[in-house]
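Remarks on the overall topology
Here are the chains, one letter per residue:
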Amino acid sequence: MNTNIEAGSTFSIIKHLNKKTVITGLIEALFIFMFFQAQNSNLFAELLNMEYFSFADALQLLFPYSVQTMAVFFCVCLGVLVSFDASEANICDRISSLIFALFMTEGFSIITTDSFFENMYSSRFILFAAVYYIGSYFLMLTAFRYLKRLFSFICAASKGKALPKFFDHTFRNCTILYFLCWLPYILLRFPAGFEYDGYHQIARFMAGNVTAHWPPASTAFMGIFVFIGDKIFGSTNLGIFVMVLVQSLIGALIFAYCTDTLKKLNVPSIWIIISTVVFAVVPIYPGYITSVVKDTLFTCFVVLYLCILARLIYLGENKKQLIALFFISFAVTIFRNNGIYLIGGCIIFAIIGLIKKKSMLIIPLTLAAVFYFIYSAAFLPALGIKKGSEAEALSVPFQQTARVVSMHSDELSSEDIEKISAVLDYDVLLSDYEAFLSDPVKKTYHAEGDALSKYLGSWFSLFFKYPDSYFDAFISTGIGFYYPDARMGTPDATSGVYSMLWNDKDVTFSEPAMLTGFKPKFKLFIRVIENLPLVFPFVNIAIQCWIPICLFFCSIKRKDGKQFLLLIPSILTILICLAGPTYMNNGGRYALPVVYSNMLLMGLMCFKSDKGDTI
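An account of the accompanying structure is given in this report. (Residues numbered from 1 in each chain as written. Predicted model: local features only at pLDDT ≥ 70, side-chain atom pairs only at ≥ 80, totals over all residues. Heavy atoms only, no water.)

**Quick word on the pattern of salt bridges**
Defined as follows: Salt bridge, as applied in this entry: a Lys or Arg side-chain nitrogen positioned within 4 Å of an Asp or Glu carboxyl oxygen. Numbering of helices and strands starts at the N terminus; helices are DSSP runs of H or I of at least 4 residues and strands are runs of E of at least 2. The classification of residues rests on relative accessible area computed with a 1.4 Å probe and restricted to protein chains. Under 20% of the type maximum is buried, over 50% is exposed, and intermediate values are partly exposed.
One pass over the structure, following the stated rule, counts 15 salt bridges. Taking the shortest distance from any N to any O, the salt bridge between glutamate 415 and lysine 419 comes out at 3.2 Å. You can see glutamate 415 and its partner lysine 419 sitting in helix α19 (residues 414-421), 4 residues apart, about one turn around the helix. Among the residues examined, lysine 419 registers a relative accessible area of 25% and is labelled partly exposed. A salt bridge links lysine 519 to glutamate 511; the nearest nitrogen and oxygen atoms lie 2.4 Å apart. Owing to a relative accessible area of 4%, lysine 519 belongs among the buried residues under this scheme.

**Things to note about helix α22 (residues 451-463)**
As a reminder of what qualifies: Here the expected length of a helix is defined as 1.5 Å per residue gap, with one fewer gap than residues. Throughout, the arc means the angular range of directions from the helix axis out to the C-beta atoms. By definition, residues are in contact when any of their heavy atoms lie within 4.5 Å.
Here α22 spans 19 Å end to end across 13 residues, near enough to the 18 Å set by a 1.5 Å rise per residue. All buried positions along α22 are accounted for by Ala451, Leu452, Tyr455, Ser458 and Leu462. The buried residues of α22 all sit within an arc of 120° when viewed along its axis, so they share a single face. As for α22, its buried residues are in contact with α18 (395-408), α19 and α23 (467-477).

**Brief notes about the packing of helix α11 (residues 236-264) against helix α29 (residues 592-607)**
The angle between the axes and the distance between the axes are what describe a pair of packed helices. Going by this rule: Where helices are involved, their axes are fitted lines through C-alpha atoms of the stretch in contact, as for all axes, and angles between N-to-C directions lie from 0 to 180°. What sets the label is the angle itself: under 35 degrees gives roughly parallel, over 145 gives roughly antiparallel, 65 to 115 gives roughly perpendicular, and the rest give oblique. Residue polarity is assigned by list, with Asp, Glu, Lys and Arg as charged and Ala, Val, Leu, Ile, Met, Phe, Trp, Tyr, Cys and Pro as nonpolar; anything else, Gly included, falls into the polar class.
Here α11 crosses α29 at 10°, and the two axes come no closer than 10 Å. By the angle class used here, α11 and α29 are roughly parallel. Contacts between α11 and α29 involve Phe255, Cys258, Thr261 and Leu262 on the former and, on the latter, Tyr596, Met599, Leu600 and Gly603. Tallied by class, the residues present in the contact of α11 with α29 amount to 6 nonpolar, 2 polar and no charged.

**A look at a negative patch on the surface**
To be explicit about the condition: Patch membership requires more than 30% relative accessible area and the absence of a salt bridge. Residues of like charge join within 9 Å; the nonpolar side chains Val, Leu, Ile, Met, Phe, Trp and Tyr join within 5 Å. Method for areas: the Shrake-Rupley scheme with a 1.4 Å probe, in which residue coverage is limited to the protein chains shown. In this count, Lys and Arg are taken as positive residues and Asp and Glu as negative ones, while His and the chain termini are left out. Each charge is placed at NZ for Lys, CZ for Arg, CG for Asp and CD for Glu.
Residues Asp425, Asp427, Asp432 and Glu434 make up a contiguous surface patch of negative charge. For aspartate 432, a relative accessible area of 39% gives the class partly exposed.

**Here's the deal with a nonpolar patch on the surface**
A cluster of nonpolar side chains, Ile224, Phe227, Ile228, Ile232, Phe233, Leu238 and Val242, forms an exposed patch at the surface whose accessible area comes to about 630 Å². Breaking the nonpolar patch down by element, the ones donating at least two residues are α10 (216-231) and α11. In terms of residue count, the dominant contributor to the nonpolar patch is α10 (3 residues). Residue position: leucine 238 is located in helix α11.

**Let's talk about α18**
In this model, α18 (14 residues) spans 20 Å end to end at C-alpha, consistent with the 20 Å of a helix rising 1.5 Å per residue. Most of α18 is tucked away: 12 of the 14 residues are buried. Along α18, the residues classified as buried are Ser395, Val396, Pro397, Phe398, Gln399, Gln400, Thr401, Ala402, Arg403, Val404, Val405 and His408. Summarising the contacts, the buried residues of α18 are in contact with α19, α20 (426-432), α21 (439-442), α22 and α23.

Structure representation (C-alpha cells):
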C-alpha cells in the first residue's frame, strides 16, 4: 500500500487524474448518488405501488431536478474523484463490495417492501434494484479507497513515534482507565441494568430450577452473587450490584490485556491510542459489560481467547500460554450455548492448516472441546439440569414455514398442514407471523415422537414450491446483522443500556427513587452519543459485522493462515447470528463477539502480515 500520499487541494488532486479515471469516477458518482436518492425516497415501495408505471416518474425519484440535488451530486463527484488518489481497488475489495451490494439491496427491499425474492416477478423492480445494487457496489469501493488512505496515514504518522508514558504500564493503567470510565454506567443504574434473559436466569437460579436453555455457567455466576446477597446480607440489590462490579472489573482486565496485546505485537502507536479511546468511551463497551446479560462474560472470554491465540501464533508458543488457552477455550464453550462451535471451527482449521507445522495449539483446543462434552453430557445431567428445547436451533425452518403459511395457506395440502400442526400451532403461524422475530412461532413448538422428522420432510419439499418465500424469511430475521440502516426495535439494546427492573418472579430488586427519573435522561444522552458520526460506526452492528468479512477475503488473498485462524470465531458468530431468532428484538447482543474483537483484529490484519504487506 502506498503510504506516500502527497498533500494538495481537492482540485489539484483531480487535475492530475487521467481522462479515463475521471470518466470512471463520474459514472461511479452518478450511481452512488442514485443509491442515496433511492434510500431517501423508499424507491422500491414507490415503484411497486405505482398503478401505472412511468419510467420518467421513477427516474424523478432517483434524480429530482433542483439546485439542491445538483449541489449534492457535485459533492459526491468530488468525493469519489478524490478517492482515486489513494489506491486502486484489488480483488478482495471487489469481492467484498459485490457481496455487500447484494445484501444492501436485499436489506433495503425487506425494510421497505417486506420482500426481496418475492418481488422478482416485477421487471421494474429488477431494473431499479440493479441500479441500487451498482450504487452500493461503487459506494463500498469508494469507502475502501478512503480506508486505505486512513490506514496509510496511521502507518506513516506512527513511524518513529513512541507511545505516551501512560502506556509504559499498559495493563495496569488501562484497567484503571476502563473501569473508571465505565463506572457511571454502574452507579447511574443501581442496582443494575437488567436484560430480560439475565433477570430470568437469576430467578431460575434462586428457585432451584436451572435449565440449559440459558448457559448454566452464566446462570450460576449471576445467581451466586444474588443468593449470597440475599441469604447472608438480606439484600438482593447488594448481591447484584457486587456482581456487576466484579463483571465490569473482569471486562476492564481483559480489554487492558487486549490493549497490551496490540502493544506487544508492535501495532502502530496511533491505532493503540484509538483502540484505548474506543474501549473507554464508546457506549457499546460499557453498556453491555456493566449490564446483567448472559452475553457479556462470554464475549469478554472470546476477546481474551483471541488475545492469547494471537500471542501464541505471533510471539511463539510457551507452556503457560497454552495452558491459559485451554482454560479460556473451555470458558468460551460453557458461557454460551453456541460457544463450542467457535472453538470447534478453530480445531478443524488447526488440524487442517497447522498439523504440518507441528503446532501445539491443537492440544489445548481439543482438550477444551473434550471437557465441554463431559461437562454437558455428564456433569450437567448429574446436577439435574435439563437440556434446552430443540426448537432453539430451528428458528430458520420455523420462520420459513410460517411465512409460507401466512402467504400461501390456501395452496397447502391437508397433509402438509397436518405435519406442520403436529409441531407448531398452525393458527399462530397463520395470524402472528413476524418477519423479524421467530419467538411467536418458536414458542408454539410441541412436537412429540416422530412428528419433527415428518415436519422436516414437509419443510424440505415446500422449499421447491416456494423458494422465494424461504429466502425472504431467512434474510428478514437477521436483517440487522448485514443491513446498516436497520435499527433495533428496542433502542435500549443498541449499546446495552438496559434499565428496566422486571420483578415478575419471586426474586425482586428495587432502585433508589432519585434514579427513577434520571435513568431516561441518561439513556437519552447515550442515544445522542451513539449517533455522533465518529461513534455510530462502532455501535452499528451491521457495519461491525462487515469488518471481519472484508478481512476474511484479505486473509484468503494473502494465504495467511494465522490471520484466517483469528477470524474464525467472528465469521462463525456472524453465520450463527444470521441463523438466529432475531435482530430487531434485542438481537444485536448476539454479535458482541464480533464487535468486541474488531479493534484487535483490524490492528493485527491491517498493519501486520507474515506476507510483508498491509491492507
